[in-house]
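# Remarks on the overall topology
These are the residues of each chain, in order.
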Amino acid sequence: MSDQNARPELTLGDALRALPLQAPRADVWASLAKELAPRKRRARFVWPAAIAACALAAFIVIASLRHVAPPATATVAASSSSYVANDTGNTMNAANALKATNVQLTALQSRSRELEQWLHETAGIAAPLPGRDLAAAGEIESLIGIIDVELAAPQSTHEEELWRRRVNLLEDLTALRYSNYRLAESGATGNAAQPTTWIN
Amino acid sequence: MSAGTCDRSVRGCIYSGVTSSFFDLEVPQTLIDRACAGELRAFEQIYRRFERPMYTLALRVLGDAEAARDTLHDAMLKVFQRIAQYRSEAPFWAWLRQIALNEALMRLRARRPIDTDFDPELIGDDNAAPWTQADGATLDRALSNLPDVTRSVIWLYHVEGYSHPEIAEMMGKTTSFSKSQLARGTARLRTLLDPAVESVSCLIKTPALS
């Protein structure tokens, strides 16, 4: 590719390559690190921060969100089972298997986003979780965090399984939150449902 | 991919085979993987490794420390933002160098129209090589006195090992343009460095002429 044989100025090349490398006077890394830091934080599962950030917004949109229901839970199962039903028998070749995996993965990711969105939107509206549920929610969030770390690793070999576990955990978290959200909405009895308790 | 080939299917990477490039540094796959996972310390290690080659390339193309610093910053940011897109078909350093060079050339293009004037009379005698006698600082100063595009072509050809067609493609010019810039720049360097030529006194800045 290079026409090196035709180069008459090889000596000039040697002289130029012998020049020392230059370095910037200012520390460029410091500013780069600042810009990259948010990226690192985003890679982690930051429910506490997300919930805190949502709290203020929730006061403003509280009325309009009171009737928001959690997403239906059958999306993934339906898309998956219908696809499998269409391919019963032994006709599924490698291409179809790959396609099925991609479809399933996309469905799981979509479902995950859906659940996260709902949790995000209702975080400030739902009544505070009672002690035991709160501990359970914390544990679920930690497990989701661990899965996110695994998903962030390149070339994850069991990506679909990880996403499935993530969705299951999010559904558990949704179930916990939804019961308290419904309590808060209906003003039902119990400390958790008292507006004076959950608004703050 | 072996040295000396150029796989243009790999995300537009132009990988020249002359392995004298300052970028030709080994980067462990584990380090790249950690950076892909968003680990800031891995980013820093990559940055420290390529800071000087990238800054030097930007400085040689742009001839300006401030612009070179901005280029280093922006190119590194792009590297880290796109690192998940990197595929190991091409060496990591070649991928990174291409991002840096694209960034520098983009700034060069935005600066002013590329000067295409070429005076064949400027081509001097290849046998005389005053840079063999010049010290690094003098050669550095002479290099900085060249027009940006001319200096860029000389640097990309001689130091980074790009061919004329590759340089022409990156600059949106013809192969002849690249060749003429190389010849022009070489002749100009010769003039600046040769003590027998009057203009060298401007470079040295003797009291009598300054």
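### A closer look at the overall build of chain B
- Scanning chain B from N- to C-terminus turns up nine helices and zero strands.
- From first element to last, N terminus to C terminus, chain B shows the α and β order α-α-α-α-α-α-α-α-α.
- Here chain B holds 210 residues, and 42% of them are scored as buried.
- A sequence separation of at least 24 residues applies to 68% of the contacts in chain B between residues at least 6 apart.

### Here we look at the overall build of chain A
- Across its full length, chain A holds eight helices and zero strands.
- In sequence order, the secondary structure elements of chain A are arranged as α-α-α-α-α-α-α-α.
- Counting over 200 residues, chain A shows a buried share of 16%.
- Counted over contacts in chain A with a minimum sequence separation of 6, partners at least 24 positions apart contribute 81%.

### Description of helix α3 (residues 65–82) of chain B
- For α3(B), which comprises 18 residues, the first-to-last C-alpha distance of 25 Å matches the rise-based estimate of 26 Å (1.5 Å per residue) to within 8%.
- Listed in full, the buried residues belonging to α3(B) are B:Ala68, B:Thr71, B:Leu72, B:His73, B:Ala75, B:Met76, B:Val79 and B:Phe80.

### Examining the environment of B:Thr71
Residues and elements named next belong to chain B.
- Within the secondary structure, threonine 71 sits in helix α3.
- Threonine 71 sits 32 residues away from glutamate 103 along the chain, and the two C-alpha atoms are 6.3 Å apart.
- In this view, threonine 71 contacts Ala58, Leu62, Glu103, Ala104 and Arg107; residues no more than four positions away in its chain are not counted.

### With respect to the packing of helix α1 (residues 29–36) of chain B against helix α2 (residues 40–62) of chain B
Residue and element names in this part refer to chain B.
- Where α1 contacts α2, the axes come no closer than 7 Å and their chain directions differ by 125°. Between α1 and α2, the interaxial angle falls into the category oblique. Crossing handedness for the pair α1 and α2: left-handed. Residue-level contacts link Leu31, Arg34 and Ala35 of α1 to Ala42, Phe43, Gln45 and Ile46 of α2.
- Within the contact of α1 with α2, the residues separate by chemical class into five nonpolar, one polar and one charged.

### Comments concerning the nonpolar core
- B:Ala58, B:Leu96, B:Ala100 and B:Ala104 are the most contacted members of the largest nonpolar core, which totals 60 residues.
- Elements with a contribution of two residues or more to this core: α1 (10–17) and α2 (28–43) of chain A together with α2, α3, α4 (92–111), α5 (136–144), α6 (148–158) and α8 (175–193) of chain B.
- Ranked by the residues each element gives to this core, the list is headed by α2(B), at twelve residues.
- In this view, B:Ala100 contacts B:Met54, B:Leu57, B:Ala58 and B:Ala75; residues no more than four positions away in its chain are not counted.
- Among the nonpolar cores identified, the runner-up in size contains ten residues, and A:Trp163, A:Val167, A:Leu173 and A:Leu176 belong to it.

### Concerning the environment of B:Ile99
Residues and elements named next belong to chain B.
- Position of isoleucine 99 relative to the elements: it lies in helix α4.
- Here isoleucine 99 falls in the buried class, since 21 other C-beta atoms lie within 10 Å of it.
- As for isoleucine 99 and lysine 78, which are separated by 21 residues in sequence, their C-alpha atoms are 7.6 Å apart.
- Residues in contact with isoleucine 99, not counting those within four places in the same chain, are Ala75, Lys78 and Val79.

### Looking at the confidence of the model for chain B
All names here are of chain B.
- Averaged over every residue, the pLDDT of chain B is 79; the share at 70 or more is 75%.
- For the stretch residues 198–210, pLDDT sits under 50, and the model shows 14 contacts to residues farther than four places along the chain or on other chains.
- As a predicted assembly, this complex carries a pTM of 0.52 together with an ipTM value of 0.77.

### Some details on the packing of α2(B) against α3(B)
Residues and elements named next belong to chain B.
- At a minimum axis distance of 8 Å, the contact between α2 and α3 shows a crossing angle of 140°. Accordingly, the angle class assigned to the pair α2 and α3 is oblique. Judged by the twist between their axes, the crossing of α2 over α3 is right-handed. Residue-level contacts link Phe43, Tyr47, Glu51, Met54, Tyr55, Ala58, Leu59 and Leu62 of α2 to Ala65, Ala67, Ala68, Thr71, Leu72, Ala75, Met76 and Phe80 of α3.
- Classifying every residue of the contact of α2 with α3 by side-chain character gives 14 nonpolar, one polar and one charged.

### Some thoughts on the environment of B:Thr132
Residues and elements named next belong to chain B.
- Relative to the helices and strands, threonine 132 resides in the loop between α4 and α5.
- Of the residues examined, threonine 132 has 12 C-beta atoms within 10 Å and is grouped as exposed.
- Separated by 61 residues in the primary sequence, threonine 132 and leucine 193 place their C-alpha atoms 9.7 Å from one another.

### Digging into the confidence of the model for chain A
Residues and elements named next belong to chain A.
- Taken residue by residue, chain A gives an average pLDDT of 67. The fraction at 70 or more is 47%.
- When pLDDT is averaged over each element of chain A, α1 comes out on top at 81 and helix α8 (residues 195–198) at the bottom at 35.
- For the stretch residues 77–85, pLDDT sits under 50, and the model shows six contacts to residues farther than four places along the chain or on other chains.
- Scored below 50 in pLDDT, residues 188–200 makes 20 contacts in the model with residues more than four places away or belonging to other chains.

Here is what the cut-offs are and how they apply
Residues numbered from 1 in each chain as written. Chains lettered and ligands numbered in written order. Predicted model: local features only at pLDDT ≥ 70, side-chain atom pairs only at ≥ 80, totals over all residues. Helix = DSSP H or I, 4+ residues; strand = E, 2+ residues; numbered from the N terminus. Buried ≥ 20, exposed ≤ 12 C-beta atoms within 10 Å, placed from the backbone. Contact = placed C-beta atoms within 7 Å. Expected span 1.5 Å × (residues − 1). Axes fitted to C-alpha atoms, helices over the stretch in contact; angles between N-to-C directions. Parallel < 35°, antiparallel > 145°, perpendicular 65-115°, else oblique. Left-handed = near helix turned anticlockwise from the far one by under 90°. Nonpolar A, V, L, I, M, F, W, Y, C, P; charged D, E, K, R; others polar. Core = buried A, V, L, I, M, F, W, Y, C linked by C-beta atoms within 7 Å. pLDDT = per-residue confidence, 0-100.

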